[in-house]
Amino acid sequence: MEPMKMLEIEKKFLVDTLPSELEKYECVQIEQGYLCTNPVVRIRRSNQKYILTYKGEGLFVREEHNLPLTREGYEHLKPKVDGILIEKKRYKIPYQNYVIELDIFEGELASLLLAEVEFESEEEAKAFLPPDWFGEDVTYTGKYQNSYLSQNGLR
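Calculation rules
Residues numbered from 1 in each chain as written. Predicted model: local features only at pLDDT ≥ 70, side-chain atom pairs only at ≥ 80, totals over all residues. Heavy atoms only, no water. Helix = DSSP H or I, 4+ residues; strand = E, 2+ residues; numbered from the N terminus. Buried < 20%, exposed > 50% of the residue type's maximum accessible area, 1.4 Å probe, protein only. Contact = heavy atoms within 4.5 Å. Areas by Shrake-Rupley, 256 points an atom, 1.4 Å probe, with all protein chains shown as cover. Lys, Arg positive; Asp, Glu negative; His and termini not counted. Charge placed at Lys NZ, Arg CZ, Asp CG, Glu CD. Core = buried A, V, L, I, M, F, W, Y, C linked by side-chain atoms within 4.5 Å. Phe/Tyr/Trp six-rings, centres within 6.5 Å; stacked < 30°, edge-to-face > 60°. pLDDT = per-residue confidence, 0-100. 1 Å grid on protein atoms, 1.4 Å probe; cavity = no way out; pocket = protein on both sides within 12 Å on 5 of 7 lines; lining within 4 Å. Points joined across faces, edges and corners; volume = space filled by probe spheres on them. Nonpolar A, V, L, I, M, F, W, Y, C, P; charged D, E, K, R; others polar.

### Notes on the overall build of the protein chain
- When helices and strands are tallied, the protein chain shows three helices and nine strands.
- Helices and strands in the protein chain line up, N terminus first, as β-β-β-β-β-α-β-β-β-α-β-α.
- Across the 155 residues of the protein chain, 48% fall into the buried class.
- Taking the intrachain contacts of the protein chain between residues at least 6 apart in sequence as the baseline, contacts between residues at least 24 apart amount to 63%.
- Accessible surface, the protein chain: about 8500 Å² in total, of which carbon and sulfur atoms supply 49%.
- Charge-centre separation for the protein chain: the mean point of 20 positive side chains lies 4 Å from the mean point of 28 negative side chains.

Right under this line is the structure:
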């Protein structure tokens, strides 16, 4: 089976305050771990969907390949995770023509709140005006990439 390839263009923000009525938005429970961080090779469980992902280099724009995994394949690879197994709730919040993915981390990263927005083009991303509840734009800070967090926590 061919991997699903795409170019990922996204901006990432710290979140200052949670939006109201969070419970009305779609929410998925995510667990993910990294088999390797250079290059990035990740396994993820999103509710009952399992995915193996390869990500190219970059912070703002990078190549991404996704392959489906079975639950058994995921469970076999899970003990091989290097670093923290990341656990988070992801809320999908409509905003203008976009979907904000709000991650509320659990476990070792429990104090972290991050929002990501994906775009069709770099121009669109650069023109984006975030909602008031967004905090600092940390797109160009590798410190908030999940692969970095899995190795270093919130240092």
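### Observations regarding unusual backbone geometry
- Backbone torsion omega between Asn 38 and Pro 39 reads 5 degrees, so that peptide bond is classified as cis.
- In this model, Asn 47 sits at a positive phi of 55 degrees, which is unusual for a non-glycine residue.
- By the element assignment, Asn 47 lies in the loop between strand E3 (40–46) and strand E4 (49–55).
- The phi torsion at Gln 96 lies on the positive side, around 55 degrees, for a residue other than glycine.
- Along the chain, the position of Gln 96 falls in the loop between strand E6 (86–95) and strand E7 (98–105).

### Some remarks on the nonpolar core
- Among the nonpolar cores identified, the biggest contains 19 residues, and Ile 100, Leu 102, Phe 128 and Phe 134 are the most heavily contacted of them.
- Sorting the residues of this core by element identifies strand E1 (4–15), E6, E7 and strand E8 (113–118) as the ones contributing at least two each.
- In terms of residue count, E7 provides more of this core than any other element does, four residues in total.
- Leu 102 has contacts with Val 15, Leu 18, Pro 19, Leu 22, Lys 89, Arg 90, Tyr 91, Ile 93, Leu 114, Ala 115 and Trp 133, leaving out every residue within four places of it along the chain.
- Core analysis: the second largest hydrophobic core is formed by 12 residues, Val 40, Ile 84, Leu 109 and Leu 112 among them.

### Description of the packing of aromatic side chains
- This structure, assessed with the given rule, holds eight aromatic pairs.
- Residues Tyr 98 and Phe 128 carry aromatic rings whose centres are separated by 5.3 Å and whose planes lie at 90 degrees to one another, so their mutual orientation is edge-to-face. Placement of the pair is Tyr 98 in strand E7 and Phe 128 in the loop between helix H2 (122–127) and strand E9 (134–137), with a sequence separation of 30 residues.
- Judged by its relative accessible area of 13%, Tyr 98 is buried.
- Grouping aromatic residues by their ring pairs yields a cluster made of Phe 13, Tyr 95, Tyr 98, Phe 119, Phe 128, Trp 133 and Phe 134.

### Some thoughts on the confidence of the model for the protein chain
- The predicted model of the protein chain has a mean per-residue pLDDT of 91, with 92% of residues at 70 or higher.
- Put simply, E1 is where the protein chain has its lowest mean pLDDT, 82, and E7 is where it has its highest, 98.

### Some remarks on the layout of surface pockets
- There is about 210 Å³ of room inside the second largest pocket.
- Along its surface, the second largest pocket is lined by Lys 92, Asn 97, Tyr 98, Val 99, Glu 101, Glu 116, Val 117, Glu 118, Phe 119, Glu 120 and Glu 124.
- The residue makeup of the lining of the second largest pocket, split by class, is four nonpolar, one polar and six charged.

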